[in-house]
Amino acid sequence: SSRIRLPSTVQQSERASQWRSVILNMSGTCYSCVATRQIHSRGIVEVFKMWVKHSEQYDPRTIALQREASLADGLLTLGFKSLQIADFQNQECYYAGFFNMTIALERVCKLAIQSDAYKEKGQFLTDGELKNEYGHKLNELYGKVSQIIERHGNIVEKPKNTQEIEKMLNFLTDFAKRSRYYNLTSLQQAKGNSEPIKQWFKIALRHQQSDLPSMEL
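Only a predicted model underlies this, so the values are computations on that prediction, with no experimental measurement involved. (Residues numbered from 1 in each chain as written. Predicted model: local features only at pLDDT ≥ 70, side-chain atom pairs only at ≥ 80, totals over all residues. Heavy atoms only, no water.)

Overview of the overall build of the protein
Counting secondary structure elements, the protein contains eight helices and zero strands. Put simply, the protein runs from its N terminus to its C terminus through helices and strands in the order α-α-α-α-α-α-α-α. Within the protein, the fraction of its 217 residues that count as buried is 22%. A fraction of 60% describes how many contacts in the protein between residues 6 or more apart in sequence connect residues 24 or more apart. In the structure as shown, the protein presents an accessible area of about 16700 Å², 55% of it carried by carbon and sulfur atoms. (Helix = DSSP H or I, 4+ residues; strand = E, 2+ residues; numbered from the N terminus. Buried < 20%, exposed > 50% of the residue type's maximum accessible area, 1.4 Å probe, protein only. Contact = heavy atoms within 4.5 Å. Areas by Shrake-Rupley, 256 points an atom, 1.4 Å probe, with all protein chains shown as cover.)

Quick look at the structure:
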């Protein structure tokens, strides 16, 4: 009959040593994690103190303008990156690009309009004035900002592809106002608003018409 072989004293000692090493490593790792969290927590406290001091020293409106500009910059970057990786298998990236770009462009334009209003009149426009006069009309916002630039003596060179820019702005305006709800409205109606991706491809293909003259949607 086969007998169960018990590990020798040497083997037991080696295994005990291995387990001791494992436990010590785990303890060291846990200690490191706790220490890191404590350091991180102290770092957050210091950052918060600095933020409070910073807020007390500077006009909150200046800080708000800087934050809004940084936000718009980040959203615009995300929008471009999303459109760069968008394809048939990643259609959500198209919508991520459209959402981020429309929000970013609207914020950039309204920042310019607000800055101009403060420079000219000494006060910012109210939320109601911005909403009622412009809303999500990116094409009108773009035109208003162009007027502001020219009024301050800056020459705005009209790009060669003016029509393409107008079509792009009209597309983004329509998306910001209506077609961003396309997926939801199409659940209730046989035909919802204009399908955004299809409209996007129409603009892109017109831009590449010399290379792809036979493709139509």
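Continuing now.
Details of the packing of helix H2 (residues 60-85) against helix H3 (residues 92-121)
Interaxial distance between H2 and H3 falls to 7 Å at its minimum, and their mutual angle equals 150 degrees. For the element pair H2 / H3, the angle class is roughly antiparallel. In the packing of H2 onto H3, the handedness of the crossing is left-handed. Its residues assigned to classes, the contact of H2 with H3 shows 21 nonpolar, four polar and three charged. (Axes fitted to C-alpha atoms, helices over the stretch in contact; angles between N-to-C directions. Parallel < 35°, antiparallel > 145°, perpendicular 65-115°, else oblique. Left-handed = near helix turned anticlockwise from the far one by under 90°. Nonpolar A, V, L, I, M, F, W, Y, C, P; charged D, E, K, R; others polar.)

Some details on the side chain of Gln 114
Tracing the backbone shows Gln 114 in helix H3. In this structure Gln 114 touches Phe 124, Leu 125 and Leu 130, once residues within four positions along its chain are discounted.

Thoughts on the nonpolar core
In terms of nonpolar packing, the biggest core is built from 24 residues, with Leu 83, Tyr 94, Phe 98, Ile 113, Leu 141, Phe 171 and Trp 200 touching the most fellow members. Elements supplying a minimum of two residues to this core: H3, helix H5 (138-151), helix H6 (162-177) and helix H8 (196-207). The greatest single-element share of this core, amounting to eight residues, is contributed by H3. (Core = buried A, V, L, I, M, F, W, Y, C linked by side-chain atoms within 4.5 Å.)

Regarding the pattern of salt bridges
One pass over the structure, following the stated rule, counts four salt bridges. The partner of Glu 106 in a salt bridge is Lys 110, and the shortest N-O contact between them spans 2.8 Å. Placement of the pair is Glu 106 and Lys 110 together in helix H3, with a separation of four residues, close to one helical turn. A salt bridge links Arg 178 to Asp 174; its shortest N-O distance comes to 2.5 Å. (Salt bridge = Lys/Arg side-chain N within 4 Å of Asp/Glu carboxyl O.)

So, H5
Every α-helical turn comprises 3.6 residues, leaving residues that sit three or four positions apart pointing alike. In a regular helix each residue adds 1.5 Å, so 14 residues correspond to 20 Å; H5 covers 20 Å between its end C-alpha atoms and thus fits that length. On its buried face, H5 sits against H3 and H6. Directly beyond the C-terminal end of H5, a positive phi value near 85 degrees is found at Gly 153. (Expected span 1.5 Å × (residues − 1).)

Section: the packing of H3 against H5
Packing of H3 against H5 brings their axes to within 9 Å, and their N-to-C directions diverge by 40 degrees. In terms of their interaxial angle, H3 and H5 are classed as oblique. The handedness of the crossing between H3 and H5 comes out as left-handed. Packed against H3, whose contacting residues are Thr 102, Leu 105, Glu 106, Cys 109, Lys 110, Ala 112, Ile 113, Asp 116 and Glu 120, the element H5 presents Leu 138, Leu 141, Tyr 142, Lys 144, Val 145, Ile 148 and Arg 151 at the interface. In terms of residue class, the contact of H3 with H5 is made up of nine nonpolar, one polar and six charged.

All we've got here are geometric facts, nothing functional implied.
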